[in-house]
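So you can see what is in the structure, the chains are spelled out below.
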Amino acid sequence: MTVTVATLGFPRIGPKRELKTALENYWAGKTPESALLATASALRATAWKQQRELGAEIIPSNDFSLYDHVLDTSAMVGVIPEIYGWKGGQAGLETYFAMARGAQGGAAEESCTHGHAHTGHGAPAAEMTKWFDTNYHYLVPEFAADQNFRLASTKALNEYLEAKALGIETRPVLLGPVSYLLLGKNTGNKFDPLSLLARLLPVYREVLQSLVRAGAQWVQIDEPCLVLDLPDAAQAAFMHAYDVLVAAEPQLRVMLTTYFGALGDNLATVLALPVHGLHIDLIRAPEQLAAVLAGARPDLVLSLGVIDGRNVWKADLNEILDRIEPVVHAGRRIILAPSCSLLHTPIDLERETELDPDIKNWLAFAVQKIKELSILRRALNEGRESVRNILDDSSRAVASRRTSGKINDSAVKTRTAHVDPSLARRASPFQIRRELQKQKLNLPPYPTTTIGSFPQTPEVRKARAEHGNGIIADAVYEQFLREETLRAVRWQEDVGLDVLVHGEFERNDMVQYFGEQLSGFIFTKHAWVQSYGSRYVRPPIIFGDVARPKPMTVEWWRYAQSLTNRPVKGMLTGPVTILNWSFVRDDQPRSETCRQIAFAIRDEVADLEAAGASIIQIDEAALREGLPLRRDEWRNYLGWAVECFRIAASGVGDATQIHTHMCYSEFNDIISSIAAMDADVISIETARSKMELLDAFSGYQYPAEIGPGVYDIHSPRVPEVLEMTTLLKAAAARLPADQLWVNPDCGLKTRKWPEVRLAIENMVAAALAARI
Ligand SMILES: CN1c2c(nc(N)[nH]c2=O)NC[C@@H]1CNc1ccc(C(=O)N[C@@H](CCC(=O)N[C@@H](CCC(=O)N[C@@H](CCC(=O)O)C(=O)O)C(=O)O)C(=O)O)cc1
Ligand SMILES: N[C@@H](CCS)C(=O)O
Ligand SMILES: [Zn+2]
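None of these values were measured; they are calculated from a predicted model. (Residues numbered from 1 in each chain as written. Chains lettered and ligands numbered in written order. Predicted model: local features only at pLDDT ≥ 70, side-chain atom pairs only at ≥ 80, totals over all residues. Heavy atoms only, no water.)

Draft legend 1. Expanded view of the overall build of the protein. Helix and strand counts for the protein come out as 27 helices and 21 strands. Viewed in the frame of its principal axes, the protein has a C-alpha envelope of about 75 × 65 × 50 Å. Within the protein, counting contacts between residues at least 6 apart in sequence, those at least 24 apart form 78% of the total. In the protein, which carries 82 positive and 94 negative side-chain charges, the distance between the mean positions of the two groups comes to 2 Å. (Helix = DSSP H or I, 4+ residues; strand = E, 2+ residues; numbered from the N terminus. Contact = heavy atoms within 4.5 Å. Lys, Arg positive; Asp, Glu negative; His and termini not counted. Charge placed at Lys NZ, Arg CZ, Asp CG, Glu CD.)

Below you can see the structure in the form of structure tokens.
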């Protein structure tokens, strides 16, 4: 049986971030809708043609999105809350972006593009949250108990037809109805979203029908929730949904796609579904192949996710063939595919012309991954000899990475091999440290601070780009950053903040900045990956043992502290967050790599303390995101993640105050681990939930101090004093007032100065009012 190659989704952003430019120009009113749509269409055409040229036979359509594919699904089925003013019919771009970013005058990410602050009450953006355990964020669908669904976007059909017109037959992708419902939230948690399934399915049927009429033979339906622990009701929902959908369009074949983990206890349900094909992730869960083969109907087409869609390493193609050849020889129809959509990988390694050639030879981005699949296909269809050299090159590349002197640093290995438990323990318990810190810092009740970054203005980014390109000299760039820092420090003093920050102007990103200074990391120039909407990140690549050749942040801290008598926080990204937001080596456990980073950060903490810092913040924004998707793996992860934070934080004296910060986190089910981190102060995102997230801390009688965010920094809207006073009262109703700090939800890098100035003035006024 001939083997074919499929892709499940391709990066949307364009090799030169064309989509970002087109979106931001459109939002700024610089270009019309037609220009944005033309760019989007050109990007899709290029991606389809490129995938075909690279050897993929099954190419997706509708994997493209102007902002987010879950939002696209909400638009498709008409889940558009009333506040967005949708009047029915096709949901236009205005409605779509209002959901994504809020409507003008409302509380939404960057809805004001003119740089002035405003306090209007338009429609806020929909809530955003993490897509499974990735650094991609989706817009959470919000369902009402009486939710009606109706077709409001024909995007899937349009894009299928668009590809067809270019002579490319595609397999349209839809987010499956059950995962879609499970990923949403309902007003007040008063009903089970799955109860809406029967009402939702007719819209899916309508979409499928339109695709069949247009000539589609297969459709890819993504149900990634099948790799989660699911309630019993979900199993029945899957059965019902696919009975209905498959029966509705008998000529259409359904490839059910699962990724990010093992089907595990959902396998029996999946194998009972009347679908025509099943995609499984054999990178995260290689062991599931045997069980799937044993239970799958003989006619079920298996799509095997054999190339890692979540990492950047070249595969050992011989090793994959050893596992897959027996399956092919057994006569089943097999499709080869990446483990998941390639959305989470950068596009093309060939654009990286400055990488160490040895290390470059270990890497594969989206383009290279599709090439790997087509080589595998040839080896399976024509025999290994037909591509022997390429296969052996791949094995050699993988072997050379495992044994290269570049990845090994014996000093690092020795240091992390036996961790004395005392290294992960502060000298005294919190209550003793607290008294010493109080004496040293002498802060008022409800002390005020910010989370670290101040606006990354176009000027800051431009100066950094010009410095990177050699247009401005080191000294000029440094002087520019000093002036920014000086202005920020003076302004913080003027506005009356108690604990200051230097502003992070010198940082491109809170992870990349550290990656660039640690050994064992390499960083790229063009390897952008979408984080949300038009915001992208360039995750550093951890290829070897991690060490800190020299202090990374001390000089900037020292300079900022030299300008003021108030304490300036040392500002670091924590080991778990650096790990989770990087591409990580796969030749040793993540826990080991994390521990190496923890020691590097520990040394930085020690240097900051030695330089005189009395407060050091270690951000762990991604600690919760790294939680495994299955609950039975949480304990292990939390064990090493918390230990790594403690290794990083515990080298200081009792009087040095350690802060941590977490955004995008839900704490209820991990609160004991948060407490076990033993930070002196934790700042968290709570403004949007109106302090509800604090319930976890009050219920647990969390002992240390907490800065619940009183200002939603994802919004350009300036909160009034009264709003923040009310939030502080809500916090004080949950926790003793002497435990509370006053701060925004997160860093202010994405905001503009006019908003920040007013918002922080109001925040300080709210703190002063609370002190009375
Ligand atoms: C807190 N968040 C973060 C996550 N992950 C990270 N790795 N970092 C994070 O901060 N995950 C969860 C959230 C997600 N939130 C965000 C928020 C904001 C961004 C963002 O703003 N991304 C920027 C790119 C940031 C960056 O690396 N900037 C560089 C390069 C800037 C650039 O494009 N320069 C241009 C030239 C500019 C000019 O000439 O004016 C160029 O090189 O061509 C820098 O500042 O130096 C974005 O723009 O998307 C991401 C995630
Ligand atoms: N210190 C960082 C944390 C973001 S999660 C900042 O302020 O941007
Ligand atoms: Zn944050």
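Draft legend 2. Broad picture of the UniProt feature "binding site: Zn(2+)" (unreviewed entry) in the protein. Here the UniProt feature "binding site: Zn(2+)" (unreviewed entry) sits at His661, Cys663, Glu685 and Cys746. These annotated residues cover 86 residues of sequence, and their C-alpha atoms lie no more than 8.7 Å from one another, placing them together at a single site. By the element assignment, cysteine 663 lies in the loop between β19 (657–662) and α24 (671–676). Classification of cysteine 663 by relative accessible area gives buried; the value is 4%. With residues near it in sequence (within four places) discarded, cysteine 663 still touches Ala621, Glu685, Asp745 and Cys746. (UniProt positions renumbered as here; feature names shortened; annotations may be inferred. Buried < 20%, exposed > 50% of the residue type's maximum accessible area, 1.4 Å probe, protein only.)

Draft legend 3. Seen up close, the side chain of glutamine 235. Topologically, glutamine 235 is positioned in helix α8 (residues 232–248). For glutamine 235, the side chain forms a polar contact with the side chain of asparagine 266, separated by 2.7 Å. Ignoring any residue separated from it by four or fewer positions in sequence, one finds glutamine 235 in contact with Leu230, Asp265, Asn266 and Thr269. (Polar contact = N/O pair within 3.5 Å; in protein donor to acceptor, adjacent residues only side chain to side chain.)

Draft legend 4. How the structure looks around the coordination of the zinc ion (ligand 3). On the protein side, the zinc ion (ligand 3) has His661 (NE2), Cys663 (SG) and Cys746 (SG) as donor atoms, found 2.1 to 2.4 Å from it. Bound by four donor atoms, the zinc ion (ligand 3) shows angles of 98 to 122° at the metal and therefore tetrahedral coordination geometry. The sequence motif formed by the donor residues of the zinc ion (ligand 3) is H-x1-C-x82-C. Remark: cysteine 746 occurs in the loop between α26 (721–734) and α27 (753–771) and histidine 661 occurs in strand β19; sequence separation between them is 85 residues. The pair histidine 661 / cysteine 746 is uniform in exposure class, with both members buried. (Donors = N, O, S within 2.8 Å, 3.2 Å for Na, K, Ca; no water. Tetrahedral: all angles 85-135°; square planar, octahedral: opposite > 155°, others 65-115°.)

Draft legend 5. Representation of the site of ligand 1 in the model. Taken together, 26 residues surround ligand 1, and among them Lys20, Asn135, Arg464, Asp509 and Lys749 come closest. A distance of 2.7 Å separates an oxygen atom of ligand 1 from a polar side-chain atom of lysine 20. In this structure, arginine 461 approaches ligand 1 through a side-chain N or O atom, which is 2.8 Å from an oxygen atom. For ligand 1, whose free accessible area comes to 990 Å², the fraction covered by protein is 81%. Those elements that place two or more of their residues in the shell around ligand 1 are α17 (458–468), β14 (529–532) and β15 (535–537). For the shell around ligand 1, the per-class residue count stands at eight nonpolar, eight polar and 10 charged. Both domain 1 (58–81 + 128–275) and domain 2 (433–771) contribute no fewer than three residues apiece to the shell around ligand 1. (Near = heavy atom within 4 Å. Areas by Shrake-Rupley, 256 points an atom, 1.4 Å probe, with all protein chains shown as cover. Nonpolar A, V, L, I, M, F, W, Y, C, P; charged D, E, K, R; others polar. Domains from an automatic or database assignment.)

Draft legend 6. Quick peek at the environment of tyrosine 477. Within the secondary structure, tyrosine 477 sits in helix α18 (residues 474–495). Taking relative accessible area as the criterion, tyrosine 477 reaches 7% and is therefore assigned buried. Taking the C-alpha atoms as reference points, tyrosine 477 and arginine 464, 13 residues apart in sequence, are found 7.3 Å from one another. Setting aside chain neighbours within four positions, we find tyrosine 477 in contact with Ala463, Arg464, His467, Ile472 and Glu506.

Draft legend 7. View of the domain arrangement of the protein. When its domains are assigned, the protein resolves into domain 1 (58–81 + 128–275) and domain 2 (433–771). The distance between the C-alpha centroids of domain 1 and domain 2 comes to 36 Å. Contact with domain 1, which involves 19 residues of that partner, is made by 13 residues of domain 2. The contact between domain 1 and domain 2 buries some 1,500 Å² in all, and 51% of this surface belongs to carbon and sulfur atoms. Here domain 1 is connected to domain 2 by three salt bridges. Across the pair arginine 630 and aspartate 265 runs a salt bridge, and its minimum N-O distance is 2.9 Å. (Buried area = accessible area lost by both parts, 1.4 Å probe. Salt bridge = Lys/Arg side-chain N within 4 Å of Asp/Glu carboxyl O.)

Draft legend 8. Geometry of α27. Over its 19 residues, α27 extends 27 Å from the first C-alpha to the last, a length consistent with the 27 Å expected when each residue adds 1.5 Å. Those residues of α27 that are buried lie in contact with α18 and α26. (Expected span 1.5 Å × (residues − 1).)

Draft legend 9. Fine view of the side chain of glutamine 530. Note that glutamine 530 resides in strand β14. Residue classification places glutamine 530 among the buried residues on the basis of a relative accessible area of 6%. One polar contact links the side chain of glutamine 530 to the main-chain carbonyl oxygen of tyrosine 67, over a distance of 3.1 Å. Not counting chain neighbours up to four residues away, the residues in contact with glutamine 530 comprise Arg12, Ile13, Tyr67, Asn135, Tyr136, Leu343, Arg535 and Tyr536.

Draft legend 10. Highlighting the sheet that holds strand β1 (residues 4–5). The strand order across the open sheet formed by eight strands is β1-β12-β11-β10-β9-β8-β6-β2, and the pairing between neighbours is parallel. The two strands at the open ends of the sheet, each matched to only one other strand, are β1 and β2 (59–61). Where strand β9 (residues 253–257) meets strand β10 (residues 277–281), three bridges bridge the pair, whose relative direction is parallel. Within the sheet, the bridge partner assigned to leucine 256 lies in β10 and is leucine 278. (Pairing = 2+ DSSP bridges.)

Draft legend 11. Molecular detail of the site of ligand 2. Of all residues adjacent to ligand 2, which total 13 residues, the nearest are Ile451, Ser453, Glu504, Asp619 and Gly747. Between ligand 2 and glutamate 504, the relevant distance is 2.8 Å, taken from a nitrogen atom to a side-chain nitrogen or oxygen of the residue. Contact with the protein chains covers 98% of the free accessible surface of ligand 2, which is 270 Å².

Draft legend 12. Representation of the packing of aromatic side chains within the structure. Within this structure, the stated rule accounts for 19 aromatic pairs. When the centroid spacing of 6.4 Å and the interplanar angle of 80° are considered together, the rings of tryptophan 556 and tyrosine 559 count as edge-to-face. Remark: tyrosine 559 and tryptophan 556 occur in helix α20 (residues 554–562); sequence separation between them is three residues, near one turn of the helix. Comparing tryptophan 556 with tyrosine 559, the two get one shared label, buried. Judged by centre distance (5.1 Å) and plane angle (65°), the ring pair of phenylalanine 667 and phenylalanine 697 falls under edge-to-face. Of this pair, phenylalanine 667 sits in the loop between β19 and α24 while phenylalanine 697 sits in helix α25 (residues 694–700), placing them 30 residues apart in sequence. On the basis of relative accessible area, phenylalanine 697 is assigned to the buried category, the value being 0%. By the ring-pair criterion, three or more aromatic residues cluster together here, those being Tyr26, Trp27, Tyr67, Tyr96 and Phe97. (Phe/Tyr/Trp six-rings, centres within 6.5 Å; stacked < 30°, edge-to-face > 60°.)

Draft legend 13. Spatial organisation of the nonpolar core. Core analysis: the largest hydrophobic core is formed by 136 residues, its most contacted members being Phe97, Trp131, Tyr180, Leu278, Val306 and Leu336. In terms of residue count, the dominant contributor to this core is helix α7 (residues 197–214) (10 residues). Two domains each provide a minimum of three residues to this core, namely domain 1 (58–81 + 128–275) and domain 2 (433–771). Those residues in contact with leucine 336, other than ones at most four positions away along the chain, are Val3, Thr4, Val5, Ala6, Leu304, Val306, Ile324, Leu373, Leu376, Arg377 and Leu380. Membership of the second largest hydrophobic core comes to 109 residues, among which are Val652, Ile713, Ala731 and Val764. (Core = buried A, V, L, I, M, F, W, Y, C linked by side-chain atoms within 4.5 Å.)

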